[in-house]
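# Breakdown of the fold
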Amino acid sequence: WIWAILNTTKSKSFDLGIVSFLSVLIAHTVILCNLRKQQHRINDGLQQEEQSLQPSSKCASYTILGTHLFVTLNYFLGLCIAIGTDMIDDVERQIRFAIYCGIATVLWFSSAIVGCRLFNP
C-alpha cells in the first residue's frame, strides 16, 4: 500500500493500488476485530464455540473475495497495460513488469479463493 502511494507521488499518475490495497487492509482489520470480539464472547461464556463465525462467515467470505479480486483486477490491468500498450518505453522493463503483474494476478486470485473458502467451508 505504501509502495502504491510512493509510486503515485513519484510518477504523478494515480496508482489504483492505493484504493485496492487499502480495501484489503480495512477488510482484514474489521474481520480480525470481529473474530477477536467473538473469541472474547466465547471466553466469557456468552457464546458457544459452535456458533463462532456463523453470523458473519458469509459476510467475511464475500468481503475477502471482493477485496482480493479488486487487487487481482488491479494487477491484471497492469499486465494488460504492460502487454498491450507502449506506456513503458524500455522493452526489458516492460517484460519484467508484465511478469511481475502476471505472477501477482495469479497469487492474489488464489488468495481470494482460499480466503473465501476459509470462512465458507
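Quantities reported herein were computed from a predicted structural model and do not represent experimental measurements.

So, about the pattern of salt bridges. The final tally for this structure, using the stated rule, is one salt bridge. With a shortest N-O distance of 2.9 Å, Glu92 and Arg96 are connected by a salt bridge. Within this pair, Glu92 and its partner Arg96 are both found in helix 4 (residues 91-119), separated by four residues, close to a single helical turn. Residue Arg96 is classed as partly exposed on the basis of its relative accessible area, which comes to 47%.

What follows covers the packing of aromatic side chains. All told, the structure shown has four aromatic pairs when counted by the stated rule. A ring pair is formed by Tyr75 and Tyr100, whose centres lie 5.6 Å apart and whose planes are at 80°; its orientation type is edge-to-face. Here Tyr75, found in helix 3 (residues 57-84), pairs with Tyr100, found in helix 4; they are 25 residues apart in sequence, far enough to count as distant. By relative accessible area, Tyr75 is classed as buried at 12%.

Let us look at the state of the cysteines. Applying the stated criterion across every chain, the model contains zero disulfides. Of the cysteine sulfurs around Cys80, a residue in no disulfide, the closest is that of Cys101, at 9.4 Å.

On to the side chain of Ser20, then. If you trace the backbone, Ser20 turns up in helix 2 (residues 17-43). Discounting chain neighbours no more than four positions away, the residues touching Ser20 are Phe70, Val71 and Asn74.

The subject of this paragraph is the nonpolar core. Among the nonpolar cores identified, the biggest contains nine residues, and these are Phe21, Val24, Val71, Tyr75, Leu79, Ala82, Ala98, Cys101 and Ala104. Contributing elements (two or more residues each) for this core: helix 2, helix 3 and helix 4. If one sorts the elements of this core by residue count, helix 3 sits on top with four residues.

Along the chain, the position of His68 falls in helix 3. Engagement of the side chain of His68 in a polar contact is seen with the side chain of Ser111, the distance being 2.8 Å. Among residues more than four places away in sequence, those in contact with His68 are Val24, His28, Trp108, Ser111 and Ala112.

Right, let's talk about the environment of Arg117 for a bit. Mapped onto the secondary structure, Arg117 falls in helix 4. Using a relative accessible area of 60% as the deciding quantity, one classes Arg117 as exposed. C-alpha of Arg117 to C-alpha of Lys58: the two residues are 59 residues apart in sequence and 9.9 Å apart in space.

Conventions we followed
- Residues numbered from 1 in each chain as written.
- Predicted model: local features only at pLDDT ≥ 70, side-chain atom pairs only at ≥ 80, totals over all residues.
- Heavy atoms only, no water.
- Salt bridge = Lys/Arg side-chain N within 4 Å of Asp/Glu carboxyl O.
- Helix = DSSP H or I, 4+ residues; strand = E, 2+ residues; numbered from the N terminus.
- Buried < 20%, exposed > 50% of the residue type's maximum accessible area, 1.4 Å probe, protein only.
- Phe/Tyr/Trp six-rings, centres within 6.5 Å; stacked < 30°, edge-to-face > 60°.
- Disulfide = S-S within 2.5 Å.
- Contact = heavy atoms within 4.5 Å.
- Core = buried A, V, L, I, M, F, W, Y, C linked by side-chain atoms within 4.5 Å.
- Polar contact = N/O pair within 3.5 Å; in protein donor to acceptor, adjacent residues only side chain to side chain.

Read these as spatial facts, not as claims about activity.
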